[in-house]
Amino acid sequence: MKPIDGHFLIRPEDLAWTTAKPMQIPYADLLEHTKSENLGARLWRFPPKSANTWHKHVRAEEFYFVLSGTGRIRVGEQTLTVPQHGGVLVGPGSMRQVFNDTETEVLWLILGAPDKEFDDGVPFDLKLFWPEDPKQLPAELAGTVWPPKTP
C-alpha cells in the first residue's frame, strides 16, 4: 500500500452523506477523495433503534469513537457502552456491530486501517466479512424492525 503524497484538507461542505446498505445507516466517507489505501475514516449517524451489520474484517483494525450521544457496540459476546468522547479499538478477527438502543441519534467516527483489505488480484469474498447473518440485531433491539422497509 502506497501512502498519499502531501496532505488533503477535508471541509464539511466536501462531505457527501449517503446511506449504507443493507442496514440503511447514513454515513459520510471523510477520505473518499484522498485515495488513501492505508486509512479509512467515516462519520456514521445512527438513528434511534438502529444497527449496522454484524461483521468482522480480514486485516483492518477499527477504532470506534463516539462524537455525540451514548454509543453501544457488541464485540463478540460482549456488549459495551461507550460514553461521548470515548472509544473502542477492535481487531480484525472479532465480530462487531454498532447499534443504537436509545431514543436519540448517536454520531460515531470510525477509523480503519488498512482501508484496503485485499491485495490486487485477490477475489473479494463476502463470507470473510459476514460469516453469519449480517442483519441480525443484538438482544437490546429485540422486537425492533430494522432496517426500515423502503417503498
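Please refer to the structure placed before this passage.
Residues numbered from 1 in each chain as written. Predicted model: local features only at pLDDT ≥ 70, side-chain atom pairs only at ≥ 80, totals over all residues. Heavy atoms only, no water.

Visitor: Would you explain the pattern of salt bridges in this entry?
Guide: Two side chains with opposite charge may pair up if their charged atoms get near one another. Inspection of the entire model under this criterion finds ten salt bridges. Lys49 is the partner of Glu103 in a salt bridge, and the nearest nitrogen-oxygen pair spans 3.6 Å. Residue Glu103 is located in the loop between strand 9 (96-100) and strand 10 (106-113), and its partner Lys49 is located in the loop between strand 3 (40-46) and strand 4 (50-51); the two are separated by 54 residues in the primary sequence. With relative accessibility at 61%, the residue Glu103 sits in the exposed group. Of the residues examined, Lys49 reaches a relative accessible area of 29% and is grouped as partly exposed. (Salt bridge = Lys/Arg side-chain N within 4 Å of Asp/Glu carboxyl O. Helix = DSSP H or I, 4+ residues; strand = E, 2+ residues; numbered from the N terminus. Buried < 20%, exposed > 50% of the residue type's maximum accessible area, 1.4 Å probe, protein only.)

Visitor: Looking at this structure, how should I read the pairing of strand 7 (residues 78-82)?
Guide: Strand residues, when the strand is regular, have side chains that alternate between the two faces of the sheet. Pairing geometry for strand 6 (residues 71-75) and strand 7, over five bridges, is antiparallel. Note on strand 7: the bridge partner recorded for Ile73 is Leu80. The antiparallel hairpin formed by strand 6 and strand 7 contains two residues in its connecting segment, where Gly76 sits at a positive phi of about 60°. (Pairing = 2+ DSSP bridges.)

Visitor: I tried to follow the sheet that holds strand 4 on my own but got confused; where do I start?
Guide: Sheet strands pair via backbone hydrogen bonds, and the direction of the pair is either parallel or antiparallel. Read from one edge to the other, the open sheet built from four strands follows the order 4-9-6-7, with strand pairing classed as antiparallel. The open sheet has two free edges, formed respectively by strand 4 and strand 7, since each of these has just one partner strand. Strand direction decides the pairing type here: strand 4 and strand 9, joined by two bridges, are antiparallel. Across the sheet, the residue bridging to Ser50 is Asn100, located in strand 9.

Visitor: Would you mind showing me how to read the side chain of Asp29 here?
Guide: The residue Asp29 is located in strand 2 (residues 25-29) in this model. In terms of polar contacts, Asp29 uses its side chain to reach the backbone amide nitrogen of Leu31, at 3.0 Å. Of the polar contacts made by the side chain of Asp29, one reaches the backbone nitrogen of Glu32; its length is 3.2 Å. Asp29 has contacts with Leu15, Ala16, Ala41 and Arg42, leaving out every residue within four places of it along the chain. (Polar contact = N/O pair within 3.5 Å; in protein donor to acceptor, adjacent residues only side chain to side chain. Contact = heavy atoms within 4.5 Å.)

Visitor: Is there a simple way to explain the sheet that holds strand 5 (residues 61-68) in this structure?
Guide: Pairing is antiparallel across the open sheet formed by six strands, whose spatial order is 1-2-3-10-5-8. Strands with a single pairing partner mark the edges of an open sheet, and in this sheet they are strand 1 (17-20) and strand 8 (87-90). On average, adjacent strands in this sheet sit at an angle of 25° to one another, irrespective of strand direction. Here strand 1 runs beside strand 2; their pairing, made up of four bridges, is antiparallel. By the bridge assignment for strand 2, Thr18 is matched with Tyr27. (Axes fitted to C-alpha atoms, helices over the stretch in contact; angles between N-to-C directions.)

Visitor: Help me out: how do you make sense of the packing of aromatic side chains in this one?
Guide: Note on aromatic pairs: each is described by the distance of the centres and the angle between the planes. Counted by the stated rule, this structure contains five aromatic pairs. Between Trp44 and Phe46 the ring centres are 6.4 Å apart and the planes differ by 35°, which places this aromatic pair in the tilted class. Ring pairing ties together the aromatic residues Tyr27, Trp44 and Phe46, which thus form one cluster. Sitting over the ring of Trp17, Arg45 keeps its end group 4.5 Å from the ring centre. (Phe/Tyr/Trp six-rings, centres within 6.5 Å; stacked < 30°, edge-to-face > 60°. Lys NZ or Arg CZ within 6 Å of the ring centre and 35° of its normal.)

Visitor: Sorry if this is basic, but what is going on with the nonpolar core here?
Guide: In terms of nonpolar packing, the biggest core is built from 20 residues, with Trp44, Tyr64, Ile73 and Trp108 touching the most fellow members. Taken together, the elements giving at least two residues each to this core come down to strand 3, strand 5, strand 6, strand 8, strand 9 and strand 10. Apart from the residues lying within four places of it in its own chain, the contact partners of Trp44 are Ala20, Ile25, Pro26, Tyr27, Val106, Leu107, Trp108 and Ile110. (Core = buried A, V, L, I, M, F, W, Y, C linked by side-chain atoms within 4.5 Å.)

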